[in-house]
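Chain residues, written in single-letter form:
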Amino acid sequence: MLDDLQEGKVYEVLLVTASNVTPVGVVRRGDALEFKLFPGRSFEDLLKWPFASIQMTNDVELLVRFALNMSANVNIAKDGNHRWIEGIPGWHGSVEYKLEKWRDKLGESEVLLGRFIPRGTIPGSLKPVPVSRADCYLLEMAVHFTRLLVSGDHSLASRILELYREYRRFGGDSEVVDYIIEQVKKAV
Ligand SMILES: Cc1cc2nc3c(=O)[nH]c(=O)nc-3n(C[C@H](O)[C@H](O)[C@H](O)COP(=O)(O)O)c2cc1C
């Protein structure tokens, strides 16, 4: 089912759990997709109900909206063990996990190491929109911003502002980014 994904490469997808949708980086290992989740709603959801859908999108703004819990124009469907976003492709399946201690320069926390095993496909299609370098910068900016929010590590702010300059240079213009930059400027 995962044949089109390269082993070992990180892909950014949407993880749909019992009560939440969040972007997550997954790596294919054989017939499974592995990921790492820090504490939050998706983490709590999987502890209680280890089923999920993993779906793909080429709409970077949609990924970022879910990361920042901003409104997103999607419909969520539900059937048996699973919920999923209508219209975009992916898989539904079960999640095996273990919890580990995570230590970095900011201290110690818990991390959920998940293994998603697809049990079936979710039909859908993606809009025929080409890859944009502005979106690559947006993706990086948003990852750094969510790290800044959880860690309070202000050294990330200058990196985000650098990425923002490149984002603008490639024609990027989105209210999602306006929000990120507003928050970053308040934080520094
Ligand atoms: C592109 C992208 C990829 C992300 N990947 C991960 C990830 O693999 N693991 C993780 O814990 N958070 C990841 N995040 C951050 C979460 O989206 C963010 O912290 C979110 O609020 C998770 O909390 P929640 O489960 O309470 O919604 C990512 C953010 C972005 C923008």
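Residues numbered from 1 in each chain as written. Predicted model: local features only at pLDDT ≥ 70, side-chain atom pairs only at ≥ 80, totals over all residues. Heavy atoms only, no water.

Asker: What am I meant to see in the sheet that holds strand E7 (residues 90–104) here?
Answerer: As a general point, the strands of a sheet are linked pairwise by backbone hydrogen bonds and lie either parallel or antiparallel. In space, the six strands of this closed barrel follow the order E1-E2-E3-E8-E7-E4, with antiparallel pairing throughout. For this sheet, the mean inter-axis angle between neighbouring strands, taken without regard to orientation, is 45 degrees. With seven bridges connecting them, strand E1 (residues 10–16) and strand E2 (residues 21–29) associate as antiparallel partners. Its bridge partner lying in E2, Val 16 is registered against Val 21. (Pairing = 2+ DSSP bridges. Helix = DSSP H or I, 4+ residues; strand = E, 2+ residues; numbered from the N terminus. Axes fitted to C-alpha atoms, helices over the stretch in contact; angles between N-to-C directions.)

Asker: When you look at the side chain of Arg 83 in this model, what are you seeing that I'm missing?
Answerer: Counting through the fold element by element, Arg 83 comes out in strand E6 (residues 82–85). For the buried Arg 83, no salt bridge exists, and the shortest N-O distance to an oppositely charged side chain is 6.0 Å, to Asp 45. At 2.8 Å, the side chain of Arg 83 and the backbone oxygen of Thr 17 are in polar contact. In terms of polar contacts, Arg 83 uses its side chain to reach the backbone carbonyl oxygen of Ala 18, at 3.0 Å. Here Arg 83 is in contact with Val 16, Thr 17, Ala 18, Ser 19, Asn 20, Val 21, Ser 53, Ile 76, Ala 77 and Lys 78, once residues within four sequence places are set aside. (Buried < 20%, exposed > 50% of the residue type's maximum accessible area, 1.4 Å probe, protein only. Lys, Arg positive; Asp, Glu negative; His and termini not counted. Salt bridge = Lys/Arg side-chain N within 4 Å of Asp/Glu carboxyl O. Polar contact = N/O pair within 3.5 Å; in protein donor to acceptor, adjacent residues only side chain to side chain. Contact = heavy atoms within 4.5 Å.)

Asker: Honestly, the packing of helix H4 (residues 155–169) against helix H5 (residues 175–187) in this entry has me stumped. Any pointers?
Answerer: Angle between the axes and distance between the axes: these two values describe a pair of packed helices. Contact pair H4 / H5: the axes reach a minimum separation of 10 Å and the direction vectors enclose 145 degrees. By crossing handedness, the relation of H4 to H5 is classed as left-handed. Each of Ala 157, Ile 160, Leu 161, Tyr 164 and Tyr 167 in H4 lies in contact with H5, whose residues at this interface are Val 177, Ile 180, Ile 181, Val 184 and Lys 185. Split by residue class, the contact of H4 with H5 holds nine nonpolar, no polar and one charged. (Left-handed = near helix turned anticlockwise from the far one by under 90°. Nonpolar A, V, L, I, M, F, W, Y, C, P; charged D, E, K, R; others polar.)

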